[in-house]
Number of protein chains: 2
Amino acid sequence: MRVAVCQLDLAVGDLQGNRASGVQAIVAAAESGADLVLLPELSDSGYVFSSLAEARSCASPSRGNPTLGEWHDLASQHDLAIIGGFCELGEDGKLYNSAACVDPTGVRLIYRKMHLWDHESEFFSVGSQLSPICELMGAKVAVAICYDLEFPELVRLLALQGVELLAVPTNWPATVAPTDERPIELIKAQASAATNGIWIAIADRGMTERGVDWTGCSTVIAPDGYPVITPLSAEQTGIAVTDIEPSRASDKSVTARNDLIRDRREDVYRVVVQVDPPQPNGFNCETTLESFLDQR
Amino acid sequence: MRVAVCQLDLAVGDLQGNRASGVQAIVAAAESGADLVLLPELSDSGYVFSSLAEARSCASPSRGNPTLGEWHDLASQHDLAIIGGFCELGEDGKLYNSAACVDPTGVRLIYRKMHLWDHESEFFSVGSQLSPICELMGAKVAVAICYDLEFPELVRLLALQGVELLAVPTNWPATVAPTDERPIELIKAQASAATNGIWIAIADRGMTERGVDWTGCSTVIAPDGYPVITPLSAEQTGIAVTDIEPSRASDKSVTARNDLIRDRREDVYRVVVQVDPPQPNGFNCETTLESFLDQR
C-alpha cells in the first residue's frame, strides 16, 4: 500500500482555495501511485477561526458535503482512498471537527474528534465515539485527529480492535522543544505506534495561519516506532510518499516470548469502553455508501 | 529534590561485588548531595541467569534482606532514600524481580515486576499489584521495572493516583535502532512522562554481561517529556545527578483550557484496575517500617 501524507499551507475561511490545495495534493499523490492520500485536520476550512460565526460559515453537513464529494470524484478517477479533516455541521446543528475516509465506493468512515485543543471548544462540540474501522486494500484503517493521539487509551482500544494503520489528520501548533529534540507530539506518536505495533500516518500543516506556526513533521511511523519518512520540516509543504506493509501490524511479537498485546496484564488493569459503539451520523462503515454522497 | 541515577556494570551471580558497586554509587551520590539514589533492576544479583538454580542462589527474602539492609544503613548514614532492584525470594518460595525504596525510616515500598521480558519468565513469577506509593520529601513516588514502563495503562493508573516521580530500575538489553534514533524504550518513557505530566527517572546497566549489551540511557525525564540529564551512553558507568521539582507534576495544565488528566474522555473510555490494591508481602507502605528490617 502506497501512502501519501500531504502537508498543506491553508488559509482559514478560504474554502475554495483550501479545497483546491487538497485537489492539487491528491492529484500529485495519484501521480506518485498513492493508494491512500492523507490530508490535514480541517483541510477545507482552515483552523484559526476568530469567531463561532466564521467557523459556522465554513461548515457543511456530512451528507452531500462538497469536500467529501470532491474527494469521491478524485478517488473514483484515480482509484485511491482519501482521508482528511473537514468542518462538519452536524444534523444536530452543532459543529464538529471531523474526518472522513472516502474511496471509489463512497464514504467509508466518518469520525468526530473526541479531544478538543485549546480554543476549539469555543467552536466545536466533541464526538463521543471511537473511530469506525474500515478496510482499505485488506488493511484495517481508523482515524484519530490531532490531540486525540495523545491519549494512549484511545490508540490502545483501536489496536485491540485490530487497527493496522491509524491515519491522523492534524494541525499541530508549533511549541518550543529543547534544541535537538523532536516535538513531543511526534515522540508520543512514535511511542503509540511502538506500544501497539501499528502504523501511524500523520498529515500536518506547514507554514503559518493568522500568526500560528505549525509543527510540520508529517510522516509515516512504522510499527517499531520509527518514521519511514523523514518528518517534514515546518517550512515545507507538499507530499511525501512511502510504501507500507499493513500486515506487519498483525504481528505483535517482540521476542519469542513477548507480545505487545498479550503481555498486557488484563488480570490487573484493563482499558474499557464506556459507551456502546454505534457509528456517528447513523453511519455504518461496513456498508458501501454511494447513497451517502448522492444527496449533494 | 536531588536525584542521582546510577548506571552500573554488574556481574551476574556476584552478589558481594554487585552490592559493593551499589554502595560505591550510593556513597558517590551522597557526596553529590543526592536525596534519592536510583539503582538498576536486579542490582544485587545481575540479570543474565543461565539457570533457575543460579537465579535461586541469588535470591533472598525481603524480610531481613541483606541488600535492603545495606541500603538502610547507607540511607541512615547519609540521610537519603534509595530505590533499586533486588532478587527476591517470596514467602511463597517463588522468585520475584522486585524493587524497593528504603530511607532512614526503613523499607518504604516493595514492588514486584508485573511484565516479564523474554527469558525472565523461566526464573521469575509475576507480581500482580501496582506499585505502592510512598512520600519522599513531600513527593509521591512509585516504581516500575523495565518492561513495565512500556504499558501506558500502568503509568496512567499510577499518575491517576497522584504519583509525581516514577522511579524505574531497568536492564534494557540493547536493540538496534536506526541511525540517529533514540532507543524506543527511551522514546516510550518520554511519551509516558509527557502524557501524564510526571517525572520519570531511569537507572539502566552499562557495559556487557554474558554477551548481552545494555542500552544505557540512564536519565531523568521532566513532566514535559524531555530529559534533564543527557541520557548516558551504553559504554558509560557512574552516576548522573539533577535537581528536580516534584511539584511540577501536580500541574497537569497544557493550555488555559487543556489538562492532561481531565481531558481524558472518561465518559467514553477508562483504565480500570481489576484487582484490589492490597500491598505485596502484607506490606503497607504508609507505615514506618523499621521492624521490616529488624529481622535481618
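On a predicted model such as this, the values are computed, not experimentally measured, just so you know. (Residues numbered from 1 in each chain as written. Chains lettered and ligands numbered in written order. Predicted model: local features only at pLDDT ≥ 70, side-chain atom pairs only at ≥ 80, totals over all residues. Heavy atoms only, no water.)

## Quick word on the overall build of chain A
Phase 1 of the analysis: When helices and strands are tallied, chain A shows seven helices and 14 strands.
Phase 2 of the analysis: Taking 296 residues into account, the globule formula puts the C-alpha radius of gyration at 19 Å, and chain A, at 18 Å, falls close to it.
Phase 3 of the analysis: Oriented by its inertia axes, the alpha-carbon framework of chain A measures out at about 55 × 45 × 40 Å.
Phase 4 of the analysis: In chain A, which comprises 296 residues, the share counted as buried stands at 63%.
Phase 5 of the analysis: By sequence separation, contacts in chain A at least 24 residues apart represent 71% of the contacts at least 6 residues apart.
Phase 6 of the analysis: For chain A, the accessible surface area stands at approximately 10,400 Å², while carbon and sulfur atoms represent 47% of it.
Phase 7 of the analysis: Between the centroid of the 22 positive side chains of chain A and the centroid of its 41 negative side chains there is a distance of 6 Å. (Helix = DSSP H or I, 4+ residues; strand = E, 2+ residues; numbered from the N terminus. Rg over C-alpha atoms; globule rule 2.2 N^0.38 Å. Buried < 20%, exposed > 50% of the residue type's maximum accessible area, 1.4 Å probe, protein only. Contact = heavy atoms within 4.5 Å. Areas by Shrake-Rupley, 256 points an atom, 1.4 Å probe, with all protein chains shown as cover. Lys, Arg positive; Asp, Glu negative; His and termini not counted. Charge placed at Lys NZ, Arg CZ, Asp CG, Glu CD.)

## So, the UniProt feature "domain: CN hydrolase" (unreviewed entry) in chain A
Phase 1 of the analysis: Those places that UniProt annotates as "domain: CN hydrolase" (unreviewed entry) correspond, in this numbering, to residues 1–246 of chain A.
Phase 2 of the analysis: Within the segment residues 1–246 of chain A, helix and strand shares are 25% and 26% respectively, and the terminal C-alpha atoms sit 7 Å apart. (UniProt positions renumbered as here; feature names shortened; annotations may be inferred.)

## Here we look at helix H6 (residues 184–196) of chain A
All names here are of chain A.
Phase 1 of the analysis: Here H6 is 13 residues long and its end C-alpha atoms lie 18 Å apart, about the 18 Å a rise of 1.5 Å per residue gives.
Phase 2 of the analysis: Along H6, 13 of the 13 residues are buried, which leaves the element largely enclosed by surrounding structure.
Phase 3 of the analysis: Glycine 197, located one to two residues past H6, shows a positive phi value of around 65°. (Expected span 1.5 Å × (residues − 1).)

## Side note on the interface of chain B and chain A
Phase 1 of the analysis: Each partner contributes residues to the interface: chain B has 53 residues there, and chain A has 53 residues.
Phase 2 of the analysis: Together chain B and chain A conceal approximately 4,400 Å² of surface at their shared face, both sides included; 57% is due to carbon and sulfur atoms.
Phase 3 of the analysis: Between the two partners, chain B and chain A, sit eight salt bridges.
Phase 4 of the analysis: Glutamate 153 of chain A is paired through a salt bridge with arginine 156 of chain B; the nearest N and O atoms lie 2.7 Å apart.
Phase 5 of the analysis: Summed over the shared surface of chain B and chain A, the number is 32 residue pairs in polar contact (both at pLDDT 80 or more).
Phase 6 of the analysis: Among the elements of the structure, helix H4 (120–123), helix H5 (152–160), helix H6 (184–196) and strand E14 (269–273) of chain B are those that each provide at least two residues to the side of chain B that touches chain A.
Phase 7 of the analysis: Ranked by residue count, the leading element in the side of chain B that touches chain A is H6 of chain B, at seven residues.
Phase 8 of the analysis: Strand direction decides the pairing type here: strand E14 (residues 269–273) of chain A and E14 of chain B, joined by five bridges, are antiparallel. Its bridge partner being in E14 of chain B, valine 273 of chain A is matched across the sheet by tyrosine 269 of chain B. (Buried area = accessible area lost by both parts, 1.4 Å probe. Salt bridge = Lys/Arg side-chain N within 4 Å of Asp/Glu carboxyl O. Polar contact = N/O pair within 3.5 Å; in protein donor to acceptor, adjacent residues only side chain to side chain. Pairing = 2+ DSSP bridges.)

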